[in-house]
Amino acid sequence: MKVGITGGIGSGKSTVCRLFAQRGVAVYDSDAAAKRLMTEEPALRAGIAARFGAEAYAGGALNRPYLAAKVFSDPAALADLNALVHPAVMADFAAWAERQEGSYVILESAILFEAGLEGLVDRTVAVLAPLELRVERTCRRDGCDPEAVRRRIAAQAGDDLLRERADYTLVNILETDLEPAVAELDRIFTHEAVEH
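Residues numbered from 1 in each chain as written. Predicted model: local features only at pLDDT ≥ 70, side-chain atom pairs only at ≥ 80, totals over all residues. Heavy atoms only, no water.

Undergrad: Which residues make up a nonpolar patch on the surface, and what values do they have?
TA: On the surface, Val171, Ile173 and Leu174 cluster together into a nonpolar patch covering about 280 Å² of accessible area. Its place among the elements puts isoleucine 173 in the loop between β5 (168–171) and α9 (175–195). Relative accessible area serves as the criterion here: at 47%, isoleucine 173 is assigned to the partly exposed category. (Patch = residues over 30% accessible without salt bridge, like charges linked within 9 Å, V, L, I, M, F, W, Y side chains within 5 Å. Areas by Shrake-Rupley, 256 points an atom, 1.4 Å probe, with all protein chains shown as cover. Salt bridge = Lys/Arg side-chain N within 4 Å of Asp/Glu carboxyl O. Helix = DSSP H or I, 4+ residues; strand = E, 2+ residues; numbered from the N terminus. Buried < 20%, exposed > 50% of the residue type's maximum accessible area, 1.4 Å probe, protein only.)

Undergrad: Mind laying out the pattern of salt bridges, listing which residues take part and the relevant values?
TA: The final tally for this structure, using the stated rule, is 13 salt bridges. Between arginine 51 and aspartate 80 there is a salt bridge, with its nearest N and O atoms 2.6 Å apart. Taken together, the positions of arginine 51 in helix α3 (residues 42–52) and aspartate 80 in helix α5 (residues 75–98) put the pair 29 residues apart, joining distant regions of the chain. We note a salt bridge from aspartate 159 to arginine 134, for which the minimum N-O separation is 3.7 Å. You can see aspartate 159 sitting in helix α8 (residues 159–165) and its partner arginine 134 sitting in helix α6 (residues 131–142), a full 25 residues away along the chain. Residues joined by salt bridges that share partners form a network here, namely Glu132, Glu147 and Arg150.

Right under this line is the structure:
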């Protein structure tokens, strides 16, 4: 069985995934996979270079600042990049999941619903947290400006949408409260996986 875990920046999605991993559940980080595939996957590299120019791979390495400048100011360019990257991530996740042991695996993705990745999973979990706590966590982690974080949050799917579309929600205010919630979901998913 496959479980998708999503949540906006600073919500604590990675913390929840770490708690599942500590329980022995295999976790696939789609953001890290996308970065790896954009660097290593020949067909994806060729597609990105064809769409965004040879400068996308300056010196043979992915030129992240160049690509970011191209896509974050141009919604059509971002859609084109996503149309190249998302199928590669989906295929990589499917192959990875086949190799895993255990009753279920986790797909961690900040844009699970926006990228259409929920079709790859059997259950979805949204991690939510109050806005100001998310801003504070992100600034502490990344050393960035609170207004920049608020702009990034505003560009992501809102909590109402996540709550509406996810099968389960976890509100992450204190990590001590998360541990029993993750343990309960682990019991549910382990049970459901047997019947899956």
